[in-house]
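# Coordinate analysis (summary)
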Amino acid sequence: MGSTRFVMGCGLAAILVAGLGGSTPSSAQNAVAVGDIVQTGVNGQNVVGEVVRIRGNTADLNLGQNNVSQLVAFDLLKVLQKAGAGAKSTCAIGDTVRVPYVANTVMTGRLMKTNGAYCEFDSSGSGFTGWSKCSEIRGASGATCAPAVATAGRAGAAGATTPPRPGLVSCAGKFEGRYAPSTGLIGLTIVFRSGKATLSGPLMDNETFDCWTGGGKILLHKQGEDDLPIDINDDGTLDTPLGELKKKSS
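This is a predicted model, so every value here is computed, not measured.

Before going further, it helps to examine the sheet that holds strand β4 (residues 58-62). Spatially, five strands are ordered β5-β4-β3-β2-β6 in an open sheet, and the strand pairing comes out antiparallel. Both edges of this open sheet fall to β5 (68-73) and β6 (78-81), since each of them pairs with a single strand only. Across the sheet, the mean angle from the axis of one strand to that of its neighbour is 45°, orientation sign disregarded.

Looking along a regular strand, one sees the side chains alternate between the two faces of the sheet. The element β4 is extensively covered by neighbouring structure, given that five of its five residues are classed as buried. Where strand β3 (residues 45-55) meets β4, five bridges bridge the pair, whose relative direction is antiparallel. Its bridge partner being in β4, Ile-54 is matched across the sheet by Ala-59. Hairpin geometry of β3 and β4 is characterised by an intervening segment of two residues between the two adjacent antiparallel strands and by a positive phi of about 65° at Gly-56. Alignment of β4 against β5, held across four bridges, turns out to be antiparallel. By the bridge assignment, Asn-62 is partnered in β5 with Val-68.

We now examine the pattern of salt bridges. In this structure the tally under the stated criterion is eight salt bridges. Note that Arg-55 and Asp-60 form a salt bridge whose closest N and O atoms lie 2.9 Å from each other. Overall, the relative accessible area of 27% leaves Arg-55 in the partly exposed class. Among the ionic pairs, Asp-210 bridges to Lys-196, the shortest N-O distance being 2.6 Å. Pair noted here: Asp-210 is in strand β15 (residues 204-214) and Lys-196 is in strand β14 (residues 196-201), with a separation of 14 residues, a long-range link.

Right, let's talk about the packing of aromatic side chains for a bit. For the structure shown, the criterion picks out two aromatic pairs. For the ring pair Phe-175 and Phe-192, a centre distance of 5.8 Å and an interplane angle of 45° mean the geometry is tilted. One end of the pair, Phe-175, is in the loop between β11 (169-170) and β12 (177-181); the other, Phe-192, is in strand β13 (residues 189-193), with 17 residues separating them in the sequence. The buried category is assigned to Phe-175, whose relative accessible area is 11%. Between Tyr-179 and Phe-192 the ring centres are 5.3 Å apart and the planes differ by 85°, which places this aromatic pair in the edge-to-face class. Pair noted here: Tyr-179 is in strand β12 and Phe-192 is in strand β13, with a separation of 13 residues, a long-range link. Each member of the pair Tyr-179 and Phe-192 is classed as buried. The rings of Phe-175, Tyr-179 and Phe-192 are connected pair by pair, giving a single aromatic cluster.

As a further point, take the state of the cysteines. Enumeration over the complete set of coordinates arrives at three disulfides. The disulfide partner of Cys-119 is Cys-134, and the gap between their sulfur atoms is 2.1 Å. Classification of the bridge connecting Cys-119 and Cys-134 rests on its S-S torsion, roughly 105°, and on that basis the disulfide is right-handed. Taken together, the positions of Cys-119 in strand β9 (residues 118-123) and Cys-134 in the loop between β10 (128-133) and β11 put the pair 15 residues apart, joining distant regions of the chain.

The phi dihedral of Leu-71 is positive, around 55°, even though this residue is not glycine. As for its placement among the helices and strands, Leu-71 is situated in strand β5. The backbone of Ser-194 sits at a positive phi, close to 50°, despite the residue not being glycine. Within the secondary structure, Ser-194 sits in the loop between β13 and β14.

Moving on to the side chain of His-221. Mapped onto the elements, His-221 comes out in strand β16 (residues 217-221). Residue classification places His-221 among the buried positions, given a relative accessible area of 18%. Among the polar contacts listed, one links the side chain of His-221 to the side chain of Asp-227, at a separation of 2.6 Å. With residues up to four places along the chain from it excluded, the contact list for His-221 reads Pro-164, Phe-209, Asp-210, Trp-212 and Asp-227.

Looking now at the pairing of β10. A large share of β10 lies buried, amounting to six of its six residues. Pairing of β9 with β10 involves six bridges; the strand directions are antiparallel. Pairing of Glu-120 across the sheet is with Trp-131, part of β10.

Calculation notes
- Residues numbered from 1 in each chain as written.
- Predicted model: local features only at pLDDT ≥ 70, side-chain atom pairs only at ≥ 80, totals over all residues.
- Heavy atoms only, no water.
- Pairing = 2+ DSSP bridges.
- Helix = DSSP H or I, 4+ residues; strand = E, 2+ residues; numbered from the N terminus.
- Axes fitted to C-alpha atoms, helices over the stretch in contact; angles between N-to-C directions.
- Buried < 20%, exposed > 50% of the residue type's maximum accessible area, 1.4 Å probe, protein only.
- Salt bridge = Lys/Arg side-chain N within 4 Å of Asp/Glu carboxyl O.
- Phe/Tyr/Trp six-rings, centres within 6.5 Å; stacked < 30°, edge-to-face > 60°.
- Disulfide = S-S within 2.5 Å.
- Polar contact = N/O pair within 3.5 Å; in protein donor to acceptor, adjacent residues only side chain to side chain.
- Contact = heavy atoms within 4.5 Å.

None of the figures reported here should be taken as evidence of function without further support.
Written as structure tokens, this is what we have:
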């Protein structure tokens, strides 16, 4: 890998999970197989790769454009998708794709490979290559490369029909509007709309989650990613890993 090449990692969800004490991938518990999509740490950041070889209790990972990280211990891997799981991407190998990056910038590259819900892209002319969720990559038409079944089991603007955990209900009608730092400083912002929550912040790409609530908490959920719990304070403010948020507008 050239010195200017950057391997794409996870988005805002990974940053928040790190704030909850989850910055180190959990043990794969010897359940890693060739073809799995996994997350690990490289140079201080979380990155996504595809397992291409197993050697004892270690794996070789394709981290983008055949950039292989060798002999990564299972205990340093978190399995995001098992081999053979996930529906086929709607984009084709060789398609020109656009991938969101920091500060609302966009990288243009070529789709190298798909593996279920994950797509490998290459924009090495600009020094970028790596894996990302197909739902975060857009083709020439402007539509995402997400599998066609990605919206199955949803009910319009109200969000997913089945809560990820028993006892939770949709945030729709309970949390609506924009929440921003109580201090008035620039930071994490969450906009709640009809059972969805869109997170944004400086140097972060916008991410949208299904929003559920119950037991004094909000749970932000996205298929294939770690759930993000947020405490609801007695005064209605939200206690997040990146600071307290207060409702600013409806």
